[in-house]
Amino acid sequence: MTEIKKDNTEEKILNAAKKVFTHKGMDGARMQEIANEAGINKALLHYYFRTKEKLFEAIFRKVFRHVFPNIETFITSELPIEEKLGTFIDKYIELLIKNPFLPSFILKEIHRDPEFLASVIKSSGIKPQEVFAMFEREMDAGKIRRVNPKDLLINMLALSIFPVAAKPLMKIMFFENDNKVYNDFLLERKKTVKEFILNSILIK
């Protein structure tokens, strides 16, 4: 029972922190505000997470661990490149749809403290150099055309992130402010982005 209560409290804190971080950013967020949102006292919040940085890191790791539980193994596996990239794009867009706070929060933090954000992302198992090495191996094997690996990864991320980050504007401009239609569009992006990226690099 005690363990269940502990898990419930931690989940409440993480959900509350997501809301506060989304609206206030790292600088604007206050531990007291997060405690109030979670319905607990500040001392209990500090018992679970000593600082805002530790709290954000826990949120970020949990989000990525849920969607990419074994990303390093996945990247270095012998799966065909189209399956690797297809799965990555599927999972990444799914992550963004389920955690719409991420793009806007990350954009704020990029300008506030990029070193901290980079360290959190890397600690979650995302290692760009391993992704670049994977692309190089596929190019050397003649399976994908030779492109700058950094361009390829940035293209994949940008095509996935922008529609979620820009949702408030795009929904009004292109979808008559219809939330359901826009959400359906985001789900369809999985297929669209996969086809766009794979058609641009695969050697057939």
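Here's a quick rundown of the structure. (Residues numbered from 1 in each chain as written. Predicted model: local features only at pLDDT ≥ 70, side-chain atom pairs only at ≥ 80, totals over all residues. Heavy atoms only, no water.)

Details of the nonpolar core
Then, number 1: Counting residues in hydrophobic clusters, the biggest one holds 57 residues, and the most contacted among them are F21, I34, L55, F56, L85 and F135.
Then, number 2: Per-element accounting of this core gives the leading share, eight residues, to helix α6 (residues 81–98). (Core = buried A, V, L, I, M, F, W, Y, C linked by side-chain atoms within 4.5 Å. Buried < 20%, exposed > 50% of the residue type's maximum accessible area, 1.4 Å probe, protein only. Helix = DSSP H or I, 4+ residues; strand = E, 2+ residues; numbered from the N terminus.)

Comments concerning the packing of α6 against helix α12 (residues 179–201)
Then, number 1: The interhelical angle for the contact between α6 and α12, taken along N-to-C directions, is 150°, at an axis separation of 9 Å. It follows that α6 is roughly antiparallel to α12 by the angle criterion. Regarding α6 and α12, the two cross each other, and that crossing is right-handed. Residues E82, L85, G86, I89, D90, I93, E94 and I97 of α6 form the contact with α12, whose own contacting residues are L186, L187, R189, K190, V193, K194, I197, L198 and I201.
Then, number 2: Class assignment for the residues of the contact of α6 with α12 results in 10 nonpolar, one polar and six charged. (Axes fitted to C-alpha atoms, helices over the stretch in contact; angles between N-to-C directions. Parallel < 35°, antiparallel > 145°, perpendicular 65-115°, else oblique. Left-handed = near helix turned anticlockwise from the far one by under 90°. Contact = heavy atoms within 4.5 Å. Nonpolar A, V, L, I, M, F, W, Y, C, P; charged D, E, K, R; others polar.)

Some points on a nonpolar patch on the surface
Then, number 1: Judged by side-chain polarity, L169, I172, M173 and F174 come together as a nonpolar surface patch covering roughly 470 Å² of accessible area.
Then, number 2: Residue position: F174 is located in helix α11 (residues 167–175). (Patch = residues over 30% accessible without salt bridge, like charges linked within 9 Å, V, L, I, M, F, W, Y side chains within 5 Å. Areas by Shrake-Rupley, 256 points an atom, 1.4 Å probe, with all protein chains shown as cover. Salt bridge = Lys/Arg side-chain N within 4 Å of Asp/Glu carboxyl O.)

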